[in-house]
Structure formats: C-alpha cells, structure tokens
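Inside the fold
What follows is the residue order along each chain.
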Amino acid sequence: MNWCVILVPSSSYAIYGQKILKKHNIQTKLIPVPRLLSSNCGVCIRINADAKEQAERALIEKGILFEQIVQLSGI
C-alpha cells in the first residue's frame, strides 16, 4: 500500500492536524518520522496516498502548518 507522511514542525501540530483530517474522513495514524526524512518534530501524520490532495487542502484551509507531504511505500 502507498502512504504519505505529513511532516509538521511540532507534535502539537501533528495532533491538531490529525484531528482536522479525521473530521474530513481521512484515515490517519501518528508515527515516528521515518529515518530517511528529516523534520523538526519526531512525529508525523501517515495517510493513504490517495488522500494526499484532500488532506493538503484541509490543512491549508484550517491554517495548520506543515513542512511537506512525502509519498512513501511500505511504511
């Protein structure tokens, strides 16, 4: 399955971002940032890759800061 991870600047953004995405019926899971990526925060939000654009719109609409959304497979 293909996944995306949303890198955020802090764990509070990860928690709030997850809450916003769940309200948009996007399945999420908080996971440690994969070693191949770097972030100021040790936690990121994992979503299904199919929901990438919807998730990005929802976070931007609510003013949730994120560094980037990276598509991965096998995580």
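Here, the structure is the one placed above.
Throughout what follows, the structure given in this document is the object of discussion. Residue positions are given per chain, counted from 1 along the sequence in the order it is written. Reporting of local features is limited, given that this is a predicted model, to residues whose pLDDT is at least 70; pairs of side-chain atoms are given and counted only at 80 or more, and all residues count toward the totals for whole chains, interfaces and linings. Values shown for side chains rest on all heavy atoms present in the structure; no hydrogens or waters enter the calculation.

1. Description of the overall build of the protein chain
Of regular secondary structure, the protein chain possesses two helices and four strands. Counting from the amino terminus, helix and strand elements in the protein chain follow one another as β-α-β-β-α-β. Whereas a compact globule of 75 residues would reach a radius of gyration of roughly 11 Å, the protein chain reaches 11 Å, a difference of no more than 12%. Each principal axis of the C-alpha atoms in the protein chain carries an extent, and together these give about 30 × 25 × 15 Å. Only heavy atoms matter for contacts: two residues are in contact if any of them lie within 4.5 Å across the pair. Long-range pairs, those at least 24 residues apart, make up 71% of the contacts in the protein chain with a sequence separation of at least 6. In summary, the charge assignment counts Lys and Arg as positive and Asp and Glu as negative, without counting His or the chain termini. By convention, the charge on Lys lies at NZ, on Arg at CZ, on Asp at CG and on Glu at CD. When the 9 positive and 5 negative side-chain charges of the protein chain are each reduced to one mean point, those points stand 10 Å apart. Each helix is a run of H or I in the DSSP string that is no shorter than four residues. Each strand is a run of E no shorter than two, and both are numbered from the N terminus. All radius of gyration figures rest on C-alpha atoms, and the globule criterion is 2.2 Å times the number of residues raised to 0.38.

2. Focus on the environment of Ile 45
Considering the arrangement of structural elements, one finds Ile 45 in strand E3 (residues 43-48). Think of it in three bands: with a 1.4 Å probe and only protein chains considered, a residue is buried below 20% of the maximum accessible area for its type, exposed above 50%, and partly exposed in between. Take Ile 45: its relative accessible area is 1%, and that puts it in the buried class. Note: C-alpha distance between Ile 45 and Leu 30 (15 residues apart in sequence) is 4.7 Å. Those residues in contact with Ile 45, other than ones at most four positions away along the chain, are Cys 4, Val 5, Ile 6, Ala 14, Gly 17, Gln 18, Leu 21, Thr 28, Lys 29 and Leu 30.

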